[in-house]
Amino acid sequence: GFDFRVLPTGDGEVRWLSCCMLVHYNSDGRPDHMTGTAVDATEKKRMQLRGQSKNKEEQVAQWQAESANRAKDEFLTMLSHELRNPLGAISAALEVVNSGAGGSSAAQHALAVITRQTGNLARMVADLMDAGRVVTGKVTLVQAPMDLAQLVQSVRSTLELTGQLDQHAWKFSLEP
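Values in this document were obtained by computation on a predicted structure and should not be read as measured data.

A.B. asks: How would you sum up the pattern of salt bridges? Please name residues and give values.
C.D. replies: Inspection of the entire model under this criterion finds five salt bridges. Close ionic contact of Glu-13 with Arg-15 constitutes a salt bridge, the shortest N to O distance being 3.2 Å. Taking the relative accessible area as the measure of exposure, Glu-13 reaches 25% and is therefore partly exposed. In this structure, Arg-46 engages Glu-13 in a salt bridge whose closest nitrogen and oxygen atoms are separated by 2.0 Å. With Arg-46 in helix α1 (residues 42–99) and Glu-13 in the loop between β1 (2–6) and β2 (15–25), the pair connects residues that are 33 residues apart, well separated along the chain. The structure contains a network of salt bridges with shared partners spanning Glu-13, Arg-15, Asp-40, Glu-43 and Arg-46.

The following block contains the structure:
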């Protein structure tokens, strides 16, 4: 059997025919005559084409879901890295405070780092909660200016406390 398309007739609609043929052979093995049927298969073909379209839609939906899953995984990886930085600074500052090394000025500096990094962690968690609200449509994002000099100073203080700046020559000239 085979299907074929028939060009539009008087009503302008393309039709599909489904045919099944049987060839009858004579005693020499040569075709003698053929019998067959042809039925209008337009609706069947339309349903089949809609199914193919659905499959494409399902493939697009699956690709979008996989992309969203990858984006979520990348976000969680980045978030864990971002959370590790302030936690590392807090841990290092607590070691300074607990050891008593460097006297009260080192302890005061360490407590300042702990305070600042705890604030950073609280902001990150709040941002994470805000991101969840944005995704669920409960809040909209508002852009606001940020003092990059303050941010660099915060990172600098953390790196100084952990000793990571000792191995490098750095010059900071920061303005808001």
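A.B. asks: Please set out the layout of surface pockets residue by residue, giving values where relevant.
C.D. replies: Roughly 940 Å³ of volume is contained in the largest pocket. Taken together, 26 residues make up the lining of the largest pocket; nearest its centre are Glu-82, Asn-120, Arg-123, Met-124 and Leu-151. Residue assignment for the lining of the largest pocket shows that the elements contributing at least two residues are α1, α2 (103–135) and α3 (148–162). When the residues that make up the lining of the largest pocket are grouped by side-chain class, the tally is twelve nonpolar, nine polar and five charged.

A.B. asks: Just give me the short version of the packing of aromatic side chains, but keep the residues and values in it.
C.D. replies: Inspection of the entire model under this criterion finds one aromatic pair. Aromatic pair Trp-170 and Phe-172: ring centres 6.0 Å apart, planes at 15°, arrangement stacked. On the basis of relative accessible area, Trp-170 is assigned to the exposed category, the value being 53%. Judged by relative accessible area, Phe-172 falls into the partly exposed class, the value being 26%. Over the aromatic face of Trp-16 sits the side chain of Lys-45, whose NZ or CZ is 4.6 Å from the ring centroid.

A.B. asks: Talk me through the confidence of the model for the chain; I want residue IDs and the actual numbers.
C.D. replies: Predicted coordinates in areas of low pLDDT are best not read in detail. Averaged over all residues, the pLDDT of the chain equals 82, while 98% of them reach at least 70. Of all helices and strands in the chain, the one with the weakest mean pLDDT is α1 (80), whereas α3 scores best (86).

A.B. asks: Go over the nonpolar core, please, and point to the residues and values.
C.D. replies: Ala-89, Ile-90, Ala-93, Ala-110, Val-113, Ile-114, Leu-121 and Leu-161 form the largest nonpolar core, which has eight residues in total. Contributing elements (two or more residues each) for this core: α1 and α2. Among the elements that make up this core, the one with the highest residue count is α2 (four residues). In this structure Ala-93 touches Ala-110, Val-113, Ile-114 and Leu-161, once residues within four positions along its chain are discounted.

Rules and cut-offs
- Residues numbered from 1 in each chain as written.
- Predicted model: local features only at pLDDT ≥ 70, side-chain atom pairs only at ≥ 80, totals over all residues.
- Heavy atoms only, no water.
- Salt bridge = Lys/Arg side-chain N within 4 Å of Asp/Glu carboxyl O.
- Buried < 20%, exposed > 50% of the residue type's maximum accessible area, 1.4 Å probe, protein only.
- Helix = DSSP H or I, 4+ residues; strand = E, 2+ residues; numbered from the N terminus.
- 1 Å grid on protein atoms, 1.4 Å probe; cavity = no way out; pocket = protein on both sides within 12 Å on 5 of 7 lines; lining within 4 Å.
- Points joined across faces, edges and corners; volume = space filled by probe spheres on them.
- Nonpolar A, V, L, I, M, F, W, Y, C, P; charged D, E, K, R; others polar.
- Phe/Tyr/Trp six-rings, centres within 6.5 Å; stacked < 30°, edge-to-face > 60°.
- Lys NZ or Arg CZ within 6 Å of the ring centre and 35° of its normal.
- pLDDT = per-residue confidence, 0-100.
- Core = buried A, V, L, I, M, F, W, Y, C linked by side-chain atoms within 4.5 Å.
- Contact = heavy atoms within 4.5 Å.

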